[in-house]
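Examining the three-dimensional arrangement
One letter stands for each residue in the lines below.
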Amino acid sequence: MDKVTEAIKRLNQQGARQPRVIIMGAGMSGILMGIRLLNAGLSNFTIYEKTDRIGGTWRENTYPGIACDIPSYFYTYSFEVNPNWSHRFPPGAEIQRYFETVFNKYKLAPRTRFNEEIINTQLIDGQWHIETANGLNDSADFLVAATGVLHKINQPSIQGLDSFEGPKFHTARWDHGVDLKDKRVGIIGSGSTAIQTIDPLSKLVSKLTLFQRTAQWVFPLPDKAYSATWIKLATRFPFLGKSLYKTYKFLFEKSMGIAVTKPCLQRSILTKLCHWNLARVKDLELRKKLTPDYLPGCKRLVMSMPFYSAIQKPNCSVVTEQIEKIESNGVRTKDGQLHELDVLVLATGFDGFAFMRPMSMQGLNGLTLDDAWKKGPQALRAMAIPGFPNFFMLIGPHSPIGNHSLIAIAETQTHYIMQCIEKYMQGDFDFIEAKQQAVDDFYTSVNEALPNTIWTTGCQSWYLDDKGIPGLWPWSPQQYAKEMKVANFSQYHLTKA
Ligand code: NAP
């Protein structure tokens, strides 16, 4: 048990006041926040979940081929290492089951209100009041947004999209009722999602056409199945799984974590491996189509071994000609060619800046989130917003999410919140609010560091805002963990009621 949890438990025993907490969202980070509170003996909280199931991203995305692009032993709560992972990159359904198992283990269901979408939150007389779409009202001392990053789907504005007469869906709304066997399927988009789904679809459909606007670098990280013997051993000796967690964490921090933030040896190695992987495409014309014109890592790097093999199959093709419009029976490209299709899949990604939307929010003196974020989403070290006391975000703007485990980041952030709650319980404040000066100083450093990162080297991606500025932490994830280990209360106004 960490020191903060122990301290809160002690405060509890001494009869300190317990805060009421509302957590928005029962995905990976909302579940984590609930566990942190329970472990510290704080049970006065409710998780509000807009749907009827936990899981967030892993509930919503069920497209064929969905898997994690971070090794499973690292994409896991550090305190709930799972010996049963079937693969290094397990399928999405297995990850969903992992979260369900943890959710049940910590008995979070009685503390979760399902099918309750929070549509409005408002700070009234020092309490956060929430209202759900069903008209339910609640209030709390602290409000934690665990609403995820990539939830608002990007519907492309392509002429004639609605005129397509066959089944058509976004990858995050996969229609499993549509039988794809022996169909002509078109995929618009070539991000991680498209690339993951191409291999399984290529085995099923008669013709697969990838409409690619921009080529992607693909990193060759091989998947592997864990043997029954390993699973038995890892179940019997939990230290094995914990060691693997630490090993992958170390490797990701020392490789990807550094490669994206500055030119370095790791970046050169990563680049070489991506080039080596691409060279597996033997047809030179196809290889040219699949060769990006920017540096590996500029867009979030795709991890896949099977993609290049799949796309070279005779039933697969890559169309790089721009899309002119969608017609009732296919996609017409600018060269006038009609690519006839039975099914159209939109692998067009998400809006990475739609934090908490469409919920409305009002903080101090009626300050709305829209007003606070006029210049775009900003938060002190990704978590706190001036004018919104006792409110914290998990995986908020400028979190270190570039090819890193979001669970590790959420663990750092929830630990930070628990430190604030400890101080609240000690009676040191009633309200904690990020200072505007601290946010300005933070963003001065962020803006100075961003040009060194790989994300600004000349590509379009969901990391970039409408001005082309990445919404990411521009340093290593280790630096984030180090800076967040001990809460810096000098960056906050601590006030009493
Ligand atoms: P994405 O990386 O944003 O890719 C969207 C694709 O759609 C891009 O190729 C984009 O082209 C294309 N596109 C968008 N609008 C278009 C239009 N109007 N016409 C033509 N093409 C259009 O989205 P994603 O693949 O869903 O992945 C998003 C993120 O989700 C990933 O980076 C990753 O973080 C996460 N993800 C994770 C996993 C996992 O294993 N954990 C799996 C899948 C996704 P341009 O490149 O030209 O913009």
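Let me begin by describing the structure that accompanies this report. Computed from a predicted structure; not experimentally measured. Sequence positions are assigned chain by chain, starting from 1 and proceeding in written order. Only residues with pLDDT of at least 70 get local features here, since the model is predicted, and only at 80 or more are side-chain atom pairs given and counted; chain-wide, interface and lining totals rely on the full set of residues. To obtain the side-chain values, all non-hydrogen atoms of the structure were used and water was disregarded.

1. Considerations on the pairing of strand β7 (residues 142-145)
As a reminder, the rule being used: A simple rule labels every residue: compare its accessible area, found with a 1.4 Å probe on the protein chains alone, to the largest value its type can have, and call it buried under 20%, exposed over 50%, or partly exposed in between. Helix and strand assignments follow DSSP, with helices taken as H or I runs no shorter than four residues and strands as E runs no shorter than two, numbered in order from the N terminus. Each pair of strands is called paired provided DSSP finds at least two bridges between the two strands.
Neither face of β7 is exposed, since F142 and V144 on one face and L143 and A145 on the opposite face are all buried. Sheet topology note: the strand β1 (residues 21-24)/β7 ladder contains 4 bridges and is parallel. In the strand pairing of β7, I23 is matched with V144.

2. Description of helix α7 (residues 238-254)
Test applied: The length a helix should cover is 1.5 Å for every residue beyond the first. The arc in question is the one traced by the directions running from the helix axis out to the C-beta atoms. Throughout, a contact is declared for two residues whenever any of their heavy atoms are within 4.5 Å.
Here α7 is 17 residues long and its end C-alpha atoms lie 24 Å apart, about the 24 Å a rise of 1.5 Å per residue gives. What α7 keeps buried is the set G241, Y245, Y248, F252 and E253. Along the long axis of α7, the arc covered by the buried residues comes to 130 degrees, so they all point the same way. Turned more than 90 degrees from where α7 packs its buried face, F239 and K246 sit exposed. Close packing links the buried residues of α7 with α8 (256-259), α13 (406-425) and α15 (477-484).

3. With respect to the pairing of strand β20 (residues 431-434)
Residues of β20 alternate between two faces, with F431 and E433 on one and I432 and A434 on the opposite face, all of them buried. Judged from the 4 bridges that link them, β20 and strand β21 (residues 492-495) form a sheet pairing that is antiparallel. Among the inter-strand pairings, I432 is bridged to a residue of β21, identified as L494.

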